[in-house]
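Close look at the chain arrangement
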Amino acid sequence: MRSALTFPVVLLALYASQTVAVRGEACIADQRGGLVCGAGKDALRVFANTTSPSKNYAFAWRTPQGLPSGDDTPNNVENVLIRVTDGAVLATLGGTYWETGERRANRYELIAAWSPDSQAVIEVANSRWDSDSFAYYRIDGATATKLDLRALVEPVMTARLPPRNRQGNSFRVHEDLPVTLDARGRVRFTAMLYAPKDETSNDYRVQVNVRARGGKLSAQVVSMQRVR
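Here's a quick rundown of the structure. (Residues numbered from 1 in each chain as written. Predicted model: local features only at pLDDT ≥ 70, side-chain atom pairs only at ≥ 80, totals over all residues. Heavy atoms only, no water.)

Of regular secondary structure, the protein possesses one helix and 17 strands. Here the C-alpha radius of gyration of the protein, 18 Å, is about what a compact globule of 228 residues would show, namely 17 Å. Seen through its principal axes, the protein has C-alpha atoms that stretch 55 × 45 × 25 Å. Burial analysis of the protein (228 residues in total) assigns 47% to the buried set. Put simply, 50% of the contacts in the protein that link residues at least 6 apart link residues at least 24 apart. When the accessible area of the protein is evaluated, it comes to approximately 11,900 Å², of which 47% is carbon and sulfur surface. Seen as two clouds, the 29 positive and the 23 negative side-chain charges of the protein have centres 8 Å apart. (Helix = DSSP H or I, 4+ residues; strand = E, 2+ residues; numbered from the N terminus. Rg over C-alpha atoms; globule rule 2.2 N^0.38 Å. Buried < 20%, exposed > 50% of the residue type's maximum accessible area, 1.4 Å probe, protein only. Contact = heavy atoms within 4.5 Å. Areas by Shrake-Rupley, 256 points an atom, 1.4 Å probe, with all protein chains shown as cover. Lys, Arg positive; Asp, Glu negative; His and termini not counted. Charge placed at Lys NZ, Arg CZ, Asp CG, Glu CD.)

Here it is, written out as structure tokens:
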């Protein structure tokens, strides 16, 4: 059984944070074939599967101590949105995923869903139980503005559950199903609310429309369909 919920007029303006690019250093290929930007404590490693269609932007990771050597496990990992041409950091992301080319963070996933013009991207940062970050980033020259999509979507999904089932749920965007962002700012994805280690989940196929006007972002949930 499937049920649909449509929101034809509800518009929610969310808090959007804007970041100015922090100067970086050029990105070059290392011995593993991956891109590394900068050196020492300022070094960043690019996630190869997160590069924009234009090849100008990507997600990367860093630590305050720099990139680890050998088989060392990194600590205090930070994910960032960068400009690949010069390694400049445009925004700090919400996830803490890492991969070295030989090893990666266990039970973590990172998805970058780009708009066709490479001016916007969706971040899905999943840990074992939750989507730690589900956000939209709009790039405008040397700045990037962030819009928190989880803060918009999760309460709408929760409101659809019976009152007795609304507490203690994890929110997670499916990494094994498509997350897309088109040229008109329409975000499509499937997400779920569930109790960790429970065999059942409440899955929804969702569309959110994002608008950018005058440097400000707003988002609207336009459809939400239960998937069983």
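Read on, since the account is not over.
Of all hydrophobic cores here, the largest spans 30 residues; its most connected members are I122, F134, Y136, V153, F189 and V208. Where this core is concerned, the elements lending two or more residues are strand 9 (109-114), strand 10 (120-126), strand 11 (131-140), helix 1 (149-159), strand 13 (170-173), strand 15 (186-194), strand 16 (202-213) and strand 17 (216-227). Tallying contributions element by element places helix 1 first for this core, with five residues. Beyond its immediate sequence surroundings of up to four residues, V208 is in contact with L149, L152, V153, G185, R186, V187, F189, A219, Q220 and V221. Counting residues in hydrophobic clusters, the runner-up holds 21 residues, among them L93, A105, A112 and A125. (Core = buried A, V, L, I, M, F, W, Y, C linked by side-chain atoms within 4.5 Å.)

A few words now on the state of the cysteines. This structure, assessed with the given rule, holds one disulfide. Bridging C27 to C37, the disulfide has an S-S length of 1.9 Å. On the S-S bond that ties C27 to C37, the torsion sits near 95 degrees, and the link is right-handed. With a gap of 10 residues between them, C27 in strand 3 (residues 27-29) and C37 in strand 4 (residues 35-37) connect regions that are remote in the sequence. Take C27 and C37: they sit in the same class, and that class is buried. (Disulfide = S-S within 2.5 Å.)

Bringing helix 1 into the picture now. When you tally the buried positions in helix 1, you get eight out of 11 residues, the bulk of the element. Within helix 1 the residues assigned to the buried category are L149, R150, L152, V153, E154, V156, M157 and T158. Its side-chain oxygen placed 3.1 Å from the backbone nitrogen of R150, D148 serves as the N-cap of helix 1. (Polar contact = N/O pair within 3.5 Å; in protein donor to acceptor, adjacent residues only side chain to side chain.)

Okay, the side chain of S131 next. If you trace the backbone, S131 turns up in strand 11. Every residue in contact with S131, bar those within four places of it in the chain, is listed here: V124, A125, N126, R150, F171, R172 and V173.

Attention now moves to the packing of aromatic side chains. Following the criterion strictly, the structure yields six aromatic pairs and no others. Considering the side-chain rings of Y57 and W114, the 6.2 Å spacing of their centres and the 25 degrees angle between planes classify their relative orientation as stacked. Highlighted residues: Y57 in strand 6 (residues 57-62) and W114 in strand 9, separated in sequence by 57 residues. Arranged with centres 4.8 Å apart and planes meeting at 70 degrees, the rings of F134 and F189 form a pair that is edge-to-face. Here the residue F134 occupies a position in strand 11, and F189 occupies one in strand 15, the gap between them amounting to 55 residues. Under the relative-accessibility criterion, F189 is labelled buried at 2%. Joined through ring pairs, the aromatic side chains of Y57, F59 and W114 make up one cluster. (Phe/Tyr/Trp six-rings, centres within 6.5 Å; stacked < 30°, edge-to-face > 60°.)

A few words on the pattern of salt bridges. Note on pairing: side chains with opposite charge can pair once their charged atoms come close. By the definition in use, this model includes nine salt bridges. Taking the shortest distance from any N to any O, the salt bridge between R83 and D86 comes out at 2.9 Å. What makes D86 partly exposed here is its relative accessible area of 27%. Notably, a salt bridge pairs E109 with R104, separated by 3.4 Å at the nearest N-O pair. By relative accessible area, which is 30% here, E109 ends up partly exposed. Relative accessible area serves as the criterion here: at 39%, R104 is assigned to the partly exposed category. One salt-bridge network, in which partners are shared between bridges, spans D130, R150 and E154. (Salt bridge = Lys/Arg side-chain N within 4 Å of Asp/Glu carboxyl O.)

Note that all results are geometric; they support no functional claim without further evidence.
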